[in-house]
Every structure is written in C-alpha cells, then in structure tokens.
Amino acid sequence: MLVAFGAFVVMSALAVFPPDSSWGSVYAIVGAVVVVAATWELLGGVSATRRARVAATAALAVAFAAVFLLSDYVGVTQFNQPPRFCYQKEYTADSAGHERMVWRSPLYSVVSDDPSDPSAPLRIQAR
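Now for a look at the structure at hand.

## Description of the packing of helix 2 (residues 23-45) against helix 3 (residues 50-79)
Look at helix 2 against helix 3: their axes get within 10 Å of each other, and the N-to-C directions meet at 160°. Regarding the angle of helix 2 to helix 3, the classification is roughly antiparallel. Crossing angle aside, the handedness with which helix 2 passes helix 3 is right-handed. Along its contact with helix 2, which presents Ala-28, Ile-29, Ala-32, Val-35, Val-36, Thr-39, Trp-40, Glu-41, Leu-43 and Gly-44, the element helix 3 presents Arg-50, Arg-53, Val-54, Ala-56, Thr-57, Leu-60, Ala-61, Phe-64 and Phe-68. Its residues assigned to classes, the contact of helix 2 with helix 3 comprises 13 nonpolar, three polar and three charged.

Rendered as structure tokens:
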C-alpha cells in the first residue's frame, strides 16, 4: 500500500507542478524515497537475503534517478521545457542588457539566452 502511495506522489508531482517549479522535483523525490523504503520493507517480508535486499533497493533507486534524468532530457530536447531536476539556477544580465538563464543538472547544463521569452530555444551544454 505504501508503494502505491509513493508512486501516486511521484506521478502527481510530475503532473501537477509546472516544469519550471522546483516543487515538482521535491515531491517526486520524496515519493521515490517512500517507494524505495517500502520496497526495502516488502523484501524483508519475503525472507530475501540482506545482500539481495540491498541490491534490489539500490537498483530501484538508480532506476528512479535514471527515469527522472531521462524525463528531464526529453523535456528539454523535445518540448523546450526547462529541467525539473536541476540543482542550481543562474540568472545573469550584463551591462548591455543581455540576459541569460542557466540550469545546472547532474549530467548537463541548459542555457536560455532570452529567459523572458518562453518560446526561446533552450541549448544543452555537455559537462
């Protein structure tokens, strides 16, 4: 039951909050932690060895991270959306009035040269 609740929190967070809001990523990560913790407890009930429990929950956590990062990449490349799961947002403006927004993700950075225009193309910079 707790696994279903965690999955519901993840899906709701990604569906309700807009891509430029960090609250969607916060609630999605909280839901993923609930799913991983509930899976740990479920595996203990089926008398799996400790090594198997650790491997299964670690694989589930890595799978969640991969899905979150992949959904961000697809959102940026296909739908021109800023990444949800970024750890830093930088806004800069020079004296000539040129604005720039940079979202830093674990694997890449996303740059918008005109952050005031929502239809402006986003560029991905590799690390």
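## Here we look at the nonpolar core
Counting residues in each nonpolar core, the largest one holds nine residues, listed as Val-10, Ala-13, Ala-28, Ala-32, Val-35, Val-36, Phe-64, Phe-68 and Phe-85. Going through the elements one at a time, helix 1 (2-16), helix 2 and helix 3 are the ones with two or more residues in this core. Of the residues forming this core, the biggest block, four residues, is contributed by helix 2. Those residues within four positions of Val-10 in sequence are excluded, and the remaining contacts are Ala-28, Gly-31, Ala-32, Phe-64 and Phe-68.

Thresholds, definitions, all that
- Residues numbered from 1 in each chain as written.
- Predicted model: local features only at pLDDT ≥ 70, side-chain atom pairs only at ≥ 80, totals over all residues.
- Heavy atoms only, no water.
- Axes fitted to C-alpha atoms, helices over the stretch in contact; angles between N-to-C directions.
- Helix = DSSP H or I, 4+ residues; strand = E, 2+ residues; numbered from the N terminus.
- Parallel < 35°, antiparallel > 145°, perpendicular 65-115°, else oblique.
- Left-handed = near helix turned anticlockwise from the far one by under 90°.
- Contact = heavy atoms within 4.5 Å.
- Nonpolar A, V, L, I, M, F, W, Y, C, P; charged D, E, K, R; others polar.
- Core = buried A, V, L, I, M, F, W, Y, C linked by side-chain atoms within 4.5 Å.
- Buried < 20%, exposed > 50% of the residue type's maximum accessible area, 1.4 Å probe, protein only.

Keep in mind these numbers describe shape, not what the thing actually does.
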